[in-house]
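# A closer look at the structure
Letter by letter, the chains look like this.
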Amino acid sequence: MQKPEALQALDKPLALLPEAIRSHILNHLSKLIHYEPVIGIMGKTGAGKSSLCNALFAGEVSPVSDVAACTREPLRYRLRIGRHSMVLVDLPGVGESELRDWEYQALYRRQLPQLDLVLWVIKADDRALSVDERFYREVIGTHRHKVLFVVNQVDKLEPCHQWNATSCSPSSRQKINLSRKLS
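Residues numbered from 1 in each chain as written. Predicted model: local features only at pLDDT ≥ 70, side-chain atom pairs only at ≥ 80, totals over all residues. Heavy atoms only, no water.

## Looking at the packing of helix α5 (residues 98-111) against helix α6 (residues 130-140)
Axis separation between α5 and α6 bottoms out at 11 Å; the angle between their running directions is 45°. Between α5 and α6, the crossing angle belongs to the class labelled oblique. Judged by the sense of rotation from one axis to the other, the crossing of α5 with α6 is right-handed. Contacts between α5 and α6 involve D101, Y104, Q105, Y108 and R109 from the former and V131, R134, F135, E138 and V139 from the latter. (Axes fitted to C-alpha atoms, helices over the stretch in contact; angles between N-to-C directions. Helix = DSSP H or I, 4+ residues; strand = E, 2+ residues; numbered from the N terminus. Parallel < 35°, antiparallel > 145°, perpendicular 65-115°, else oblique. Left-handed = near helix turned anticlockwise from the far one by under 90°. Contact = heavy atoms within 4.5 Å.)

## Some details on the environment of L117
Relative to the elements of secondary structure, L117 occurs in strand β4 (residues 117-123). Exposure remark for L117: the relative accessible area of 27% places this residue in the partly exposed category. Dropping the residues within four chain positions of it, L117 is found in contact with V38, I39, G40, K146 and L148. (Buried < 20%, exposed > 50% of the residue type's maximum accessible area, 1.4 Å probe, protein only.)

## Quick notes on the nonpolar core
Counting residues in hydrophobic clusters, the biggest one holds 19 residues, and the most contacted among them are M42, V94, Y108, W120 and F135. Those elements giving two or more residues to this core turn out to be β1 (38-43), β3 (84-90), α5, β4 and α6. A total of four residues in this core trace back to one element, the largest contributor, which is α6. Ignoring sequence-local partners within four residues, the contact set of M42 consists of K49, L91, Y108, L112, L115, V118, L119, W120, V121 and I140. Counting residues in each nonpolar core, the second largest holds eight residues, with I39, C53, L88 and L119 among its members. (Core = buried A, V, L, I, M, F, W, Y, C linked by side-chain atoms within 4.5 Å.)

## A word on the pairing of strand β2 (residues 75-81)
With seven bridges connecting them, β2 and β3 associate as antiparallel partners. Residue L75 lies in a different strand from β3, and its bridge partner there is D90. What sits between β2 and β3 in their antiparallel hairpin is a turn of two residues, with G82 showing a positive phi close to 65°. (Pairing = 2+ DSSP bridges.)

Have a look at this one:
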């Protein structure tokens, strides 16, 4: 198999180094070039984690329900863009019950070291954030640098009847409420 162009360009500058060092450098660069990041999607049940996966894949890859939690185990999906790919891990939602929260707390802790990034999904119209706060404080812990909060379902943010369905954008009042939510 032929080396990628980026590595071929390094052949001449690295030629002066001993073979072992040159090979070591090229091996590490190759791993970086072909690295496949793993992104976990976490948050409360019903926040839209599985729907986000479905939107990213433009299809029904993850089961969803209007009334019940569907995801009970981590679901892994590979998203390919050209020659590169990433793995999305759709995790069960917290806040469904105290028993499930204990189970998912242990699951999240096992998954966190394997993740490069965590998308923590929060519903725009949700004012009850104690479960999110507790998991962020107690479970995410030292992995806080990996977390990116995603505000989802902005169309449901009050006043929801003012959502512009034509342009799929929030009204000026919804934008104000969204700004307040983000802060």
